[in-house]
Amino acid sequence: MNKNIQHYFWDSCVFSRYLTGEPETHVSDIEQYIADAKNGLIQIHYSTIALAEIKPSHLVKRGFGDFNDFAKDFQGAFYPISPLPDVLLKASALRDFKYPNPNGGKDRILGLGDAIQLLTCIFAKEFL
């Protein structure tokens, strides 16, 4: 990993926003990050859980047949990280933690995809 450039970790929601253009806010910023990544100025990492979280209908809006088409078009811009068993075990433990709902009401738990994303990001920061 090149430590001389900036590294970003994207949740699947960033990809979804880029692919669908909805909401429109910050789509141009996302496009600029992708252009910078394609030019080797930054590296964008993501958890492979995004492969299950990005809907095929989102890919079609930008003219991609599937995630592989998308990845080929942006080859060198995105770096996948597959969560290791230790990451998945920690994600499982994290999901046992309840946190207050900011809108009041019943406590919330972290969803499976979000837990895996979060722990994969922490792994990437510590070990890559």
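Since the structure is predicted, the reported quantities are computational estimates derived from the model, not experimental observations.

## Topic: the nonpolar core
Okay, step 1: Core analysis: the biggest nonpolar cluster contains 19 residues, and Phe-70, Phe-74 and Phe-78 have the highest contact counts within it.
Okay, step 2: Among the elements of the structure, helix 1 (12-20), helix 2 (27-38), strand 2 (42-47) and helix 5 (67-73) are those that each provide at least two residues to this core.
Okay, step 3: Beyond its immediate chain neighbours, meaning those up to four positions away, Phe-74 contacts Tyr-18, Ile-34, Lys-38 and Phe-64.
Okay, step 4: Listed in part, the 5 residues of the second largest apolar core include Ile-81, Val-87, Phe-123 and Ala-124.

## Notes on the confidence of the model for the protein chain
Okay, step 1: For the protein chain, mean pLDDT is 89; residues scoring 70 or higher make up 97% of the total.
Okay, step 2: Mean pLDDT values for the elements of the protein chain range from 82 in helix 5 up to 95 in helix 2.

## Re the packing of helix 6 (residues 85-94) against helix 7 (residues 112-127)
Okay, step 1: Interaxial distance between helix 6 and helix 7 falls to 9 Å at its minimum, and their mutual angle equals 130°. Compared by their axis directions, helix 6 and helix 7 come out oblique. For the pair helix 6 and helix 7, the sense of crossing is right-handed. In this structure, helix 6 uses Val-87, Leu-88, Lys-90, Ala-91 and Leu-94 to contact helix 7, whose residues at the interface are Ala-115, Ile-116, Leu-118, Leu-119, Thr-120 and Phe-123.
Okay, step 2: Among the residues making up the contact of helix 6 with helix 7, the classes are represented as 9 nonpolar, 1 polar and 1 charged.

## Digging into the layout of surface pockets
It is a probe the size of a water molecule, rolled over the atoms, that shows where empty space is left.
Okay, step 1: The space that makes up the second largest pocket amounts to roughly 160 Å³.
Okay, step 2: Every residue lining the second largest pocket is listed: Leu-84, Asp-86, Val-87, Lys-90, Leu-119, Ile-122, Phe-123, Glu-126 and Phe-127.
Okay, step 3: Elements represented by at least two residues in the lining of the second largest pocket include exactly helix 6 and helix 7.
Okay, step 4: With 5 residues, helix 7 is the largest single contributor of residues to the lining of the second largest pocket.

## Brief notes about the pairing of strand 2
Okay, step 1: In terms of burial, strand 2 is a largely internal element, 6 of the 6 residues being buried.
Okay, step 2: When strand 1 (residues 6-10) meets strand 2, the two strands line up parallel, connected through 5 bridges. Bridge pairing links Phe-9 to His-45 in strand 2.
Okay, step 3: Direction of pairing for strand 2 relative to strand 3 (residues 78-81): parallel, over a ladder of 4 bridges. Paired with His-45 across the strands is Tyr-79, a residue of strand 3.

## A few points about the pattern of salt bridges
Okay, step 1: The tally for this structure, following the rule as stated, stands at 2 salt bridges.
Okay, step 2: Between Glu-22 and Lys-61 there is a salt bridge, with the nearest N and O atoms lying 3.7 Å from each other. Here Glu-22 is found in the loop between helix 1 and helix 2, whereas its partner Lys-61 is found in helix 4 (residues 56-61), with 39 residues between them in sequence.
Okay, step 3: Since its relative accessible area comes to 52%, Glu-22 is described here as exposed.
Okay, step 4: Here Lys-61 falls in the exposed class, since its relative accessible area comes to 53%.
Okay, step 5: Of the charged contacts in the structure, one is a salt bridge between Glu-31 and Arg-62, with a shortest N-O distance of 3.1 Å. A residue pair is termed long-range when its members are at least 10 positions apart, and Glu-31 in helix 2 and Arg-62 in the loop between helix 4 and helix 5 qualify at 31 residues.
Okay, step 6: Its relative accessible area of 34% is what places Glu-31 among the partly exposed residues.

What counts and what doesn't
Residues numbered from 1 in each chain as written. Predicted model: local features only at pLDDT ≥ 70, side-chain atom pairs only at ≥ 80, totals over all residues. Heavy atoms only, no water. Core = buried A, V, L, I, M, F, W, Y, C linked by side-chain atoms within 4.5 Å. Buried < 20%, exposed > 50% of the residue type's maximum accessible area, 1.4 Å probe, protein only. Helix = DSSP H or I, 4+ residues; strand = E, 2+ residues; numbered from the N terminus. Contact = heavy atoms within 4.5 Å. pLDDT = per-residue confidence, 0-100. Axes fitted to C-alpha atoms, helices over the stretch in contact; angles between N-to-C directions. Parallel < 35°, antiparallel > 145°, perpendicular 65-115°, else oblique. Left-handed = near helix turned anticlockwise from the far one by under 90°. Nonpolar A, V, L, I, M, F, W, Y, C, P; charged D, E, K, R; others polar. 1 Å grid on protein atoms, 1.4 Å probe; cavity = no way out; pocket = protein on both sides within 12 Å on 5 of 7 lines; lining within 4 Å. Points joined across faces, edges and corners; volume = space filled by probe spheres on them. Pairing = 2+ DSSP bridges. Salt bridge = Lys/Arg side-chain N within 4 Å of Asp/Glu carboxyl O.

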